[in-house]
Each structure stands twice: as C-alpha cells, then as structure tokens.
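Architecture and fold: a report
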Amino acid sequence: MPKHLTANINSRYLEAANRMRPGGRQKKRIIAYVESYDDIFFWRSVLSEFENEEREFQVMLPSRTSLVRGKKQAMTNKLGEGLGTSMIACVDADYDYLMQGHTPYSESMLRNPYIFHTYAYAIENYQCYAPSLHNVCVMSTLNDRPIFDFEDYLLQYSRIVYDLFVWSVWLYRRQMYRDMPLNTLCNFISVDKLNLFNPHTALEELRRKVNRKLAWMQRQYPQARGTFKPLKAELETLGLTPDTTYLFVQGHHIMENVAMAALDPACTILRREREKEIKRLAGNNKQHMDNELASYQHSQMPIQQMLRRNTSFHSCPLYQRLRADIMHFLGIEEKMPDTEGVSSGSPTGTQPEQHF
C-alpha cells in the first residue's frame, strides 16, 4: 500500500474493516496508538481490563512506515482528526493536563474524546506510586521485611517541592518556560545522598535548596502576586496538592532521581540480609549454602526492571480518573470509587511554607 494511503487510514476505515469480518459474531478491534516501547506494556495492562467477548484492543507504536515515535505521532500530525471509535491514542499527560487548554496542544489532548492521557505526568509516575514501592522491593529481593517508609518519603518530598513546582506551571502557562525549563527544575528538586536510616538530612538539604530558589522567584516575578493562590486552588481541583506533587513532576526524574534513590539501597540491604540468613542456616554445609545462594540469586530480578513492570497503582485517584474516561468512551456504566480525594484532600501534618 502506498505510503500516502497508509497515512490516511483512520478510525472510519477500521470501523468498516470490523464490520466486514467474515463469520459469526466477531470482536471489535480497537487500535490504541502509544508513544514508545515502554508504553506498550503499561497501556496493555490498563486496557486489558475492558476486553471481553465483544471488544479487544491492540496496542501499537504510532507508525508502521517509519521509526518515528512520540506523543505527537501517537496523536497524529492533525492532532487526532483521524481518531475515532476504532482508533484511539493513549499518551502521557506531561504538562498538557496542567496547562488546561492554555496551548493548542493541551486543548487538543483534553478535548478530543479519543485521546486518553495519564493525568499523572507520565507512566513512570504511576510505576513509582508510593504505596506500591514496598511491593516492588519484595518482587526484586524476595524479602518482605519493611526497612523504609516509601510513602512518608514521597509525601515529604512532595510537600517540599510543591511551591516550586507550582511556579513552574505558572511560568509554562505564560509561555515563559525558558526562564525555568524542566531540566532546570529537576536539578533543583533532586534528592542527593539519601541515607535510608536518616532520610531527613537529605530532605532538609533539598528544602534549603528549594527555599533559596523560591525566594529568588518571588523577587524576579513580583507580578505573580495575586495570581499564585488562585492557581494553586485551580490545580488542586486537577489533583495537584502538596501531598501529590511527585505524581506531576517529570516521570523520568521521579523514577531515576527520587524513587531509585531509595529503592536501590533498600534492595541492596534486603538482599544482603537474605544472603546472611542463608549462610547462617546452612552452618558448615558449604555445598548446601552454595546451592541455596545460587538459587536465591537466580530468583532475584533487577529492581528497575521490576519498577517498570509495576502495575500496583490502580488505587491511585488519578488512575481512577483515567479509568472513568475509558469506561465513558466504551459506554460502560459502573459506580466508580470515590475520586474526590484527588482534589479535595487537604495535607496533614506540618504544612509547607506558604509563598504569596
């Protein structure tokens, strides 16, 4: 088929193909275009819940004619005009969700009923969902002893970086992103030299670094006074609160520089614990010890691989929003779990410093 024709295949073409399938009752096939390789497994795990005797999904890269990938390609160059009931796009929200139509790209992603987005910044944010990280450790090390409070760690992290992150959204909405691009923001909100047994030292250093930048931002942009608090209120309705900031920060940063900063040393400790236990239980039987150690090491899995295969995020309120969108698209009626906690939950404990 000529390239110009394959480029014009759209949802209507697939709908006609579905109707023309020979034989009795056939499943409707819905093509789901995703951004890249890692997205295939994530969206397959999401969409498989909705497959039945009437419908099936096929998750695909966005182009059959080239190696071009990415969000724009998944949404098609015409921003979704070729999508429909048999062809959808499943993409990372990035900042387009928080932009709320302030850019044409954001407007297209939010208004097109055939484009589904993560609400969280990216799939990596779901994979780093705080309540699931202990299970990721268990999958990797086969040791279930809790030695670190991942939920509290990401809660404290979120509260510390919240105001600076809101500043980033403020700049992006005004097309001033060059004043603090994402890589610069991520440099300011990285966790350095985390000690699992004394995480507060690294978090306090992060707080000092962030507060210095916040003071500079207030001096640099006095025009933000009067608009900052309304922006916070609006973002809260979208799910961004001081407690949930990590779900909206760039996904690769959260995975590599925040979550892995705790997961990697935690898994190292848990593996050494298990190996010491094996040696102790084996006593003087060296052959038995060697066999058991080999068996344990063979059963382990790399922590980052387990993190990227983590699907224990279904209780996340942002995911419930995504799930509700898919159900609405498919015409499925079901009483959904309460998702008000995404926007109405107020932070508990010590409040972050208030700016403006």
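Structural data are supplied above this passage.
To keep things clear, this report deals only with the structure shown in the data block. Everything numeric in this text was worked out from a predicted model, so none of it was measured.

Parameters and conventions
Residues numbered from 1 in each chain as written. Predicted model: local features only at pLDDT ≥ 70, side-chain atom pairs only at ≥ 80, totals over all residues. Heavy atoms only, no water. Pairing = 2+ DSSP bridges. Helix = DSSP H or I, 4+ residues; strand = E, 2+ residues; numbered from the N terminus. Axes fitted to C-alpha atoms, helices over the stretch in contact; angles between N-to-C directions. Salt bridge = Lys/Arg side-chain N within 4 Å of Asp/Glu carboxyl O. Buried < 20%, exposed > 50% of the residue type's maximum accessible area, 1.4 Å probe, protein only.

1. Focus on the sheet that holds strand 2 (residues 55-60)
- A sheet is described by the order of its strands in space; here four strands give the open sequence 2-1-3-4, paired in parallel fashion. Either end of the sheet is taken by a strand with one partner, and the two such strands are strand 2 and strand 4 (115-117). Taken over all neighbouring pairs, the strand axes of this sheet differ in orientation by 30 degrees on average, direction set aside.
- Across six bridges, strand 1 (residues 28-33) lies against strand 2 in parallel orientation. The partner of Ile31 across the bridge, within strand 2, is Gln58.

2. A closer look at the pattern of salt bridges
- Enumeration according to the criterion identifies 14 salt bridges in this entry.
- For Asp38, the salt bridge goes to Arg308, with nearest N and O atoms at 3.4 Å. Note that Asp38 is positioned in helix 3 (residues 37-47) and Arg308 in helix 15 (residues 303-308), a separation of 270 residues in sequence.
- Linking Asp290 and Lys286 is a salt bridge whose minimum nitrogen-to-oxygen distance equals 2.8 Å. Note that Asp290 and Lys286 are positioned in helix 14 (residues 286-299) at a spacing of four residues, about one turn of the helix.

3. Side note on the pairing of strand 3 (residues 87-91)
- A large share of strand 3 lies buried, amounting to five of its five residues.
- Burial along strand 3 is two-sided: the residues Met87, Ala89 and Val91 and Ile88 and Cys90 are all buried.
- Inspection of the sheet shows strand 1 paired to strand 3 by three bridges, in the parallel sense. Looking across to strand 3, one finds that Ala32 is bridged to Ile88.

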